[in-house]
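Spelled out from the first residue to the last, the chains are:
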Amino acid sequence: MRYSNLKKLAAVVLSIGMVFSSSAVTGFSADNSKMIPTIVESSYSQAAANIDDEYAYDGTYVDKWGDTRKGSQLGVTYTKDATEFNIWAPAATGVKVNIYEAGAGNASNACKIGSYTLEKVSSSKEWNGIWTITLVGNWVDFYYDYTITTTDAYHKDSDQTQTYNIQDPYSVAVSEDGKYSYITEGWDNDRHVYVDSTKANTVYRISVKDFSSDAESGMTAGGKYRAFTQKGAKVNSAGELVSGIDYLKELGVTTVQLAPFADFDGDSEYEILNYNAPETSYASNPSDCKAVIKECKEMIQALHNAGFSVVMEMPYTHASEENPLEKSVPRFYYRLNTEGYTLIGR
């Protein structure tokens, strides 16, 4: 949650972009100081920093004896007996979780079955910005969102509140339209594949869609997660030229870097809507959350089973205007100029 860390991350991303954009770098004059814009700190960034100083949460808390303990996990923690909901919203004055019946795939057919009020979590007699509730019972396969009444970071503790309905910013699965979060079980039967850092490694960047969308690829699940599970594919479904995952092995690839496949808004995989949930359109049935999760997991497992290390590209400086982080703590996550408008690149 550290605001300063977000600023450092943005600086690193920009630096990497400069390194790889040779045309932009070589186009600068010897003295390019005037060509690089200076980002001026504003009252808005100071307000965000103040919230960070008071409510920053790193997953731990200090108990009354001064010992550091593991704290609540943000998002949903599911068991068959109960489900815990936690959201970090330090500027909020009230939060409710709304539960929808299984099968509510998008906004047009959602059927609410109940709303429940969250309470503040105190840590060492001080509130850490987290709202929580535990619902008893088995809530797997239900959908949910939050109704949050909040000020923005700049007007915290004022009466200038607005009320939003947002999906969980920490969703691991969402409805087809991305507006509802989905309660699901965990995933324990896969293991990372680590590369030997002392040896040369070959990294291959792949878009999930582009990997198999061409009809000549010979893969039956064109543009989908399942294309990565297909073995023995041949170009034009004939001849000796292999395609798909077999082609990656033939190239000697050791690490597969997957272009963003987090749930995105519209047509661009860089307009992230839900950072921690897989994109639904890459599944065989986008409206079936179980299928989306299962097929995404099978893609990762197939790559691991073939001996590839897998990394996911995640552009945290890009987001849809409907990203729930912005509405959970308005004017906190993105850098603003002196007039309060989001800076380009966020």
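Given the structure is predicted, the values throughout are model-derived calculations rather than measurements.

Visitor: Before we go on, may I ask you to explain the overall build of the chain in this structure?
Guide: When helices and strands are counted, the chain shows six helices and 16 strands. Buried positions account for 42% of the 346 residues belonging to the chain. Counting contacts in the chain only where the partners sit at least 6 residues apart, residues at least 24 apart contribute 64% of the total. Taken as a whole, the chain presents about 18700 Å² of accessible surface, with 50% of it coming from carbon and sulfur.

Visitor: Is there a simple way to think about the side chain of Asp 152 in this case?
Guide: Inspection of the secondary structure assignment puts Asp 152 in the loop between strand E9 (143-150) and strand E10 (162-166). Looking at Asp 152, the relative accessible area reads 15%, which means it is buried. Among the polar contacts listed, one links the side chain of Asp 152 to the backbone nitrogen of His 155, at a separation of 2.7 Å. The residues touching Asp 152, leaving out its near neighbours within four places in the chain, are Ala 91, Pro 330 and Arg 331.

Visitor: Would you explain the packing of aromatic side chains in this entry?
Guide: Working definition: an aromatic ring pair is given by the centre-to-centre distance plus the angle between the planes. Inspection of every chain in the model, using the stated rule, returns 16 aromatic pairs. Ring plane angle 55° and centroid distance 5.1 Å describe the contact between Tyr 143 and Tyr 182, whose orientation is recorded as tilted. Taken as a pair, Tyr 143 in strand E9 and Tyr 182 in strand E11 (residues 181-182) lie far apart in primary sequence, 39 residues in all. Residue classification places Tyr 143 among the buried residues on the basis of a relative accessible area of 4%.

Visitor: Looking at this model, I keep getting lost on the pattern of salt bridges. Mind explaining?
Guide: Oppositely charged side chains may form a pair once their charged atoms are brought near each other. As enumerated under the stated definition, the model contains eight salt bridges in all. Arg 226 is the salt-bridge partner of Glu 298, the closest N and O atoms lying 3.9 Å from each other. Of the two residues, Glu 298 is situated in helix H5 (residues 289-305) and Arg 226 in the loop between strand E12 (203-206) and helix H4 (245-251); the sequence distance between them amounts to 72 residues. Given a relative accessible area of 23%, Glu 298 falls into the partly exposed group.

Visitor: Would you mind showing me how to read the sheet that holds strand E13 (residues 255-258) here?
Guide: The strands making up a sheet associate through hydrogen bonds between their backbones, and the pairing can be parallel or antiparallel. In spatial order, the strands read E12-E13-E16; together these three strands make up an open sheet with parallel pairing. Both outer strands of the open sheet, E12 and strand E16 (309-312), are each paired with one neighbouring strand and no more. Each strand of the sheet is rotated relative to its neighbour by a mean of 25°, with strand direction disregarded. In this structure, E13 lies alongside E16, joined through four bridges in parallel fashion. From the neighbouring strand, Leu 258 faces E16, where its bridge partner is Met 312. This element, H5, spans E13 and E16 of the sheet and lies at about 160° to E13.

Visitor: Help me understand the confidence of the model for the chain in this model?
Guide: Close inspection of predicted coordinates is inappropriate for parts of the model with low pLDDT. Overall, the prediction assigns the chain a mean pLDDT of 83, with 82% of residues at 70 or greater. In this model residues 6-36 is a low-confidence stretch, pLDDT under 50, and it forms ten contacts with partners more than four residues away in sequence or in other chains.

Visitor: Can you help me understand the nonpolar core in this one?
Guide: Soluble globular proteins tend to bury their nonpolar side chains together. If you look at the biggest cluster of nonpolar residues, it comprises 41 residues, and the most contacted ones within it are Phe 85, Trp 88 and Tyr 146. Mapped by element, the contributors of at least two residues to this core are helix H3 (43-55), strand E4 (82-88), strand E5 (92-100), strand E8 (126-136), E9, E10 and strand E15 (272-278). Beyond its immediate stretch of four places on either side in the chain, Phe 85 contacts Gly 75, Val 76, Val 97, Ile 99, Leu 118, Trp 131, Thr 132, Ile 133, Leu 135, Tyr 144, Tyr 146 and Ile 183. One finds Phe 211, Tyr 225, Ile 245 and Leu 248 within the second-largest nonpolar core, a separate group that totals 25 residues.

Visitor: How do you make sense of a nonpolar patch on the surface when you look at a structure like this?
Guide: Taken together, the side chains of Tyr 204, Tyr 247 and Leu 251 present a nonpolar region at the surface, about 250 Å² in accessible area. As for its position among the elements, Leu 251 is in helix H4. We classify Leu 251 as partly exposed; its relative accessible area is 41%.

Visitor: I keep staring at the environment of Gln 46 and nothing clicks. Help me out?
Guide: Within the secondary structure, Gln 46 is located in helix H3. A sequence separation of 107 residues divides Gln 46 from Ala 153, and the C-alpha atoms of the two residues are 9.5 Å apart.

Visitor: So what exactly am I meant to see when it comes to unusual backbone geometry here?
Guide: Excluding glycine, most residues fall at negative phi; most peptide bonds, likewise, are trans. In this structure, Asp 141 is a non-glycine residue whose phi angle is positive, near 75°. Relative to the elements of secondary structure, Asp 141 occurs in the loop between E8 and E9. You will see that Asn 236, though not glycine, has its phi angle at about 60°, which is positive. Note on placement: Asn 236 falls in the loop between E12 and H4.

Visitor: Hey, could you run me through H5 in this one?
Guide: Spacing of three or four residues puts side chains on the same side of an α-helix, whose turn is 3.6 residues. Here H5 is 17 residues long and its end C-alpha atoms lie 24 Å apart, about the 24 Å a rise of 1.5 Å per residue gives. A side-chain oxygen of the first residue of H5 lies 3.0 Å from the backbone nitrogen of Lys 290; this N-cap is Asp 288.

Visitor: When you look at the environment of Tyr 225 in this model, what are you seeing that I'm missing?
Guide: Inspection of the secondary structure puts Tyr 225 in the loop between E12 and H4. The exposure class assigned to Tyr 225 is buried, which follows from its relative accessible area of 0%. Taking the C-alpha atoms as reference points, Tyr 225 and Ser 212, separated by 13 residues in sequence, lie 9.3 Å from one another.

Reading the values: the criteria
Residues numbered from 1 in each chain as written. Predicted model: local features only at pLDDT ≥ 70, side-chain atom pairs only at ≥ 80, totals over all residues. Heavy atoms only, no water. Helix = DSSP H or I, 4+ residues; strand = E, 2+ residues; numbered from the N terminus. Buried < 20%, exposed > 50% of the residue type's maximum accessible area, 1.4 Å probe, protein only. Contact = heavy atoms within 4.5 Å. Areas by Shrake-Rupley, 256 points an atom, 1.4 Å probe, with all protein chains shown as cover. Polar contact = N/O pair within 3.5 Å; in protein donor to acceptor, adjacent residues only side chain to side chain. Phe/Tyr/Trp six-rings, centres within 6.5 Å; stacked < 30°, edge-to-face > 60°. Salt bridge = Lys/Arg side-chain N within 4 Å of Asp/Glu carboxyl O. Pairing = 2+ DSSP bridges. Axes fitted to C-alpha atoms, helices over the stretch in contact; angles between N-to-C directions. pLDDT = per-residue confidence, 0-100. Core = buried A, V, L, I, M, F, W, Y, C linked by side-chain atoms within 4.5 Å. Patch = residues over 30% accessible without salt bridge, like charges linked within 9 Å, V, L, I, M, F, W, Y side chains within 5 Å. Expected span 1.5 Å × (residues − 1).

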